[in-house]
Each structure stands twice: as C-alpha cells, then as structure tokens.
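An overview of the molecular structure
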Amino acid sequence: MIKWFKQNEVLQLVVILATTLMLWLPAIMHPVAMQTGHDYAPIYSLCYSWLHTNSRLATLLALLLVVVEGFLFNLLLYNHKMVGANTLMPTWLYIVVMSATPAQLTLTPMVMANLPLIGMISMMTVKEDLSISMDNIFNAALLVAIASLCYTPSVVMLAVMLILFTVHNLYNWRHWVMLLLGFLAPIIVVATYYFLNDRLYYVSFLTRMNITDIHFSIATANTLTWICNGLLLAVLLITLFNGIANANDRVQMFRKNNRVLTLFLLGGVMMLLYSDMLPTNPQMVALPLSYLASYYLMGVKRRLWLYNTLLLLIIILFIAANWIRY
C-alpha cells in the first residue's frame, strides 16, 4: 500500500476514492446531525441555521470540503518541497483522520476552520528565499480570524503565529502591527454587523465565555472511540518524534517549514482543552498528523509489510466505527 503512494498516481486516486466512499457512505445514507456545542462562532452558527434541517446536504458539503482541503494541503506541501511530486498520501491520510468516527461525518466547526488554517500555514511557510513578507503576515492573521469565526478556539493559532515569529526571526514592530491589523479586519466587519443588529453584547459575551472556559470532556467517548483516538495518538507520537529527529538532516527551508507544522500541532493540542466533543477531536490535529505520518511512512524502507498491515487495520477499524452504529 505504501508503495502505491510512491509511484502510481492513478492507483492513488482510486485508493482515495474507495476509502472516502467506504468511510462516508454510512453518513450519506443515514446523515449525522450537525453539532450544537458550546463553541459559539458566527460563521458556523450561520451555516447551522441554514443546514441543520437538511442533514444530508450538510454531510455532502462536509465531504466536499474535506476532500478539497486534503488536496489543497497536499499541494501546499508539494509547493514547499515537504513531500514528493508524485505522492497523494497526505491527502489520503487527511481524509482518513477527518473521517475517523461517525460524529465527524457532518459539517463540523473544524471542517470549516481547517480551510482558512491551510491558508494560514501556506502564508507562514517559506520557499527558497526563506523570507516571510508583510503581506503574508497580514493574510495569515486574517485567515486565523476567519477560522476563529468558524470555531472560536481556533484563535489560539494567533499564539502559534507569535511563536513562529521567532522561527522566522521576525522581530520588527511592523510585523506585530500587520499581525494585529490582519486579525482585527474580519472581526471588525462581523462586530459591525452584530452592532447594527443590536446583538454585539450577546455575541461578545458568548465569545468571551468560550475563550475563558476550558471545558474538555471525555463524557461522550465510547470504547470504539477510545480505540480510534488511541491509535491516532500513538501514530501522532511516533511520527512527531521521527519528524523532529530527522529534520536536522534536511535543508534549511525544510527545517523551517517542519517547525511551522510541528508548532501547528501545538495549536491543535491547545484547542483540545476547549473541546467537549471527544469523537471529533482528531480533526483538530488532522493537518499536522497527515503531514507527519506521510513524511514518516514515505521514508520507511524496511518492514513495509508491517506498516502496510497496520495501515490496513486502522482503515478497517475506522470504517467499522462508521458503519457499526447502524
């Protein structure tokens, strides 16, 4: 299976299509209701008001978003020379992680937030000149703001950006000003809309409560969810240590971008503290996990049969988890 993602692009597309259908078909036939958790976010709430009565449409939109995000993330990694030109493994792994449990098979806040966050990663990764422009900082902060309007805890990615300033040696005060302006731009637009509709105090109160209220819970977890999350955690830790250990052997551009994605993982872990939906928690680390796992697996040269077997078992388990509720 791993060899397929090193050479045959047509076969890779077939594997991606088959895996996606097997994971999402149960939800298409029996749609999952959209979430109504504590994490108030204007854009998600707007989509919820439009789509909560049509769960199948919400599921189809979520499927489309997940697939598009997977291919966009793969393209981002390729453009920054993080993966080879002929592999779609990050796309495949992203779709698998985003679809690991039944609760994820609908339009969730993180499905929506990951799209602007992919753009944020693109803005904060470097190419051959190793530089980050003022425009990139503004755009990255703007995209973080849009992500937080989809899923409020995504605002922690602003702290990740501040840490990334040290990675890219961005110490000029202008960089901080561009960060602030970029983040405030969409917030001001949304705040103005709610002010004109006399709802600004209510929305600001809910947002403030969501940011200050750490309500991590495992009450929604069942045995199969624990197994799925445990497997993903094990894969994450193994690939994370591998990525950190082997990055120093690569060129400077790769090392910088590897740090960006590793720190993005930190942001995902920080978001977990605000989550009360354990079954959808893998979505918060899906982007860095799909990169780290693909980087690790594409470098494997021995015992391929073992890794292929483990991958197949994980996929079968996730498919079973999505079908078993019926």
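Structure first, text after, so check above.
Note that the coordinates shown come from a computational prediction; the quantities given were computed from them, not determined experimentally.

Cut-offs applied
Starting afresh in each chain, residues are numbered from 1 along the sequence in its written order. Note on the predicted model: pLDDT of at least 70 is required for a residue's local features to be given, and 80 or more for side-chain atom pairs to be given and counted; whole-chain, interface and lining totals, by contrast, use all residues. Water and hydrogen atoms play no part in the side-chain values, which are based on all heavy atoms of the structure. Counting from the N terminus, the helices are DSSP H or I runs at least four residues long and the strands are E runs at least two residues long. The span one expects for a helix is its residue count, reduced by one, times 1.5 Å. Throughout, exposure labels follow a simple rule: accessible area from a 1.4 Å probe, protein chains only, divided by the maximum for the residue type, with under 20% read as buried, over 50% as exposed, and the rest as partly exposed. Helix axes are fitted to C-alpha atoms over the stretch in contact, other axes to C-alpha atoms as well, and angles between N-to-C directions run from 0 to 180 degrees. Angular relationships are summarised with four words: roughly parallel below 35 degrees, roughly antiparallel beyond 145, roughly perpendicular across 65 to 115, and oblique for the angles in between. In a left-handed crossing the near helix is turned counterclockwise from the far helix by less than a right angle, and in a right-handed crossing that turn is clockwise. Contacts are residue-level and defined by heavy atoms, with any inter-residue pair within 4.5 Å sufficient. Under the scheme applied here, ten amino acids are nonpolar (Ala, Val, Leu, Ile, Met, Phe, Trp, Tyr, Cys and Pro), four are charged (Asp, Glu, Lys and Arg), and all others, including Gly, are polar. The angle between axes fitted to the seven residues ending at a residue and the seven residues starting there is what we call the bend at that residue. Counted as a polar contact is a pair of N or O atoms within 3.5 Å, where, for protein atoms, one must be capable of donating a hydrogen and the other of accepting one, and residues adjacent in sequence contribute only when both atoms are in side chains. A pair of Phe, Tyr and Trp rings is counted when the ring centres sit within 6.5 Å of each other, with Trp represented by its six-membered ring. The angle between the planes then sorts it: under 30 degrees is stacked, over 60 is edge-to-face, the rest tilted. In this text, buried Ala, Val, Leu, Ile, Met, Phe, Trp, Tyr and Cys residues form a nonpolar core when linked through side-chain atoms within 4.5 Å.

**Remarks on helix H13 (residues 286–298)**
- In this model H13 runs 18 Å from its N-terminal to its C-terminal C-alpha over 13 residues, within 8% of the 18 Å that 1.5 Å per residue would give.
- Of all 13 residues that make up H13, 12 are buried, and the element is covered over most of its length.
- Those residues of H13 that fall on the buried side of the exposure criterion are Ala286, Leu287, Pro288, Leu289, Ser290, Tyr291, Leu292, Ala293, Ser294, Tyr295, Tyr296 and Leu297.

**Some points on the packing of helix H5 (residues 89–98) against H13**
- Running from N to C, H5 and H13 cross one another at 135°; their axes reach a closest spacing of 8 Å. What the angle tells us is that H5 and H13 run oblique. Two packed elements cross with a definite hand, and for H5 against H13 that hand is right-handed. Between H5 and H13, the contacting residues are Met89, Pro90, Leu93, Tyr94, Val97 and Met98 on the first element and Ala286, Leu287, Leu289, Ser290, Ala293, Ser294, Leu297 and Met298 on the second.
- Residues belonging to the contact of H5 with H13 are distributed by class as follows: 12 nonpolar, two polar and no charged.

**Some words on helix H9 (residues 173–196)**
- A rise of 1.5 Å per residue sets the reference length of H9, with its 24 residues, at 34 Å; its end C-alpha atoms lie 34 Å apart and thus fit the reference within 8%.
- Of all the bends found along H9, the most pronounced is centred on leucine 184 and spans about 30°, while proline 186, a proline, follows it within four residues.
- Turning to H9, its buried residues are His175, Leu179, Gly182, Phe183, Pro186, Val190 and Tyr194.
- With a side-chain oxygen positioned 2.8 Å from the backbone nitrogen of arginine 174, the residue opening H9 is asparagine 172.

**Examining the packing of aromatic side chains**
- Taken as a whole and assessed by the stated rule, the structure comprises three aromatic pairs.
- An angle of 35° between the planes, with centres 6.5 Å apart, marks the rings of tyrosine 44 and tyrosine 48 as tilted. Separated by four residues within a single helix, tyrosine 44 and tyrosine 48 lie in helix H3 (residues 42–51), roughly one turn from each other.
- Taking the centre distance of 6.1 Å and the plane angle of 15° together, the rings of tyrosine 291 and tyrosine 295 count as stacked. Here tyrosine 295 and tyrosine 291 lie together in helix H13, a separation of four residues that amounts to about one turn.

**Quick look at the environment of methionine 22**
- Take methionine 22: it is sitting in helix H2 (residues 9–29).
- For methionine 22, a relative accessible area of 39% translates into the label partly exposed.
- Sequence-wise, methionine 22 and asparagine 322 are 300 residues apart; in three dimensions their C-alpha atoms are separated by 8.8 Å.
- The contact partners of methionine 22, leaving out residues within four places of it in the chain, are Ile319 and Trp323.

**With respect to unusual backbone geometry**
- Residues other than glycine seldom take positive phi values, yet lysine 81 does so here, at roughly 55°.
- Relative to the assigned elements, lysine 81 resides in the loop between helix H4 (55–79) and H5.

**Quick look at the nonpolar core**
- In this structure, Trp92, Leu107, Met120 and Tyr291 are the most contacted members of the largest nonpolar core, which totals 91 residues.
- In terms of residue count, the dominant contributor to this core is helix H6 (residues 109–124) (10 residues).
- In this view, methionine 120 contacts Ala140, Leu143, Val144, Met157, Met161 and Phe264; residues no more than four positions away in its chain are not counted.

**Side note on the packing of H6 against helix H8 (residues 157–167)**
- Running from N to C, H6 and H8 point in directions that differ by 10°, and their axes come no closer than 12 Å. With respect to H8, the element H6 is oriented roughly parallel. Mapping the contact onto sequence places Leu117, Met120 and Met124 in H6 and Met157, Met161, Leu164 and Phe165 in H8.
- Broken down by class, the residue content of the contact of H6 with H8 amounts to seven nonpolar, no polar and no charged.

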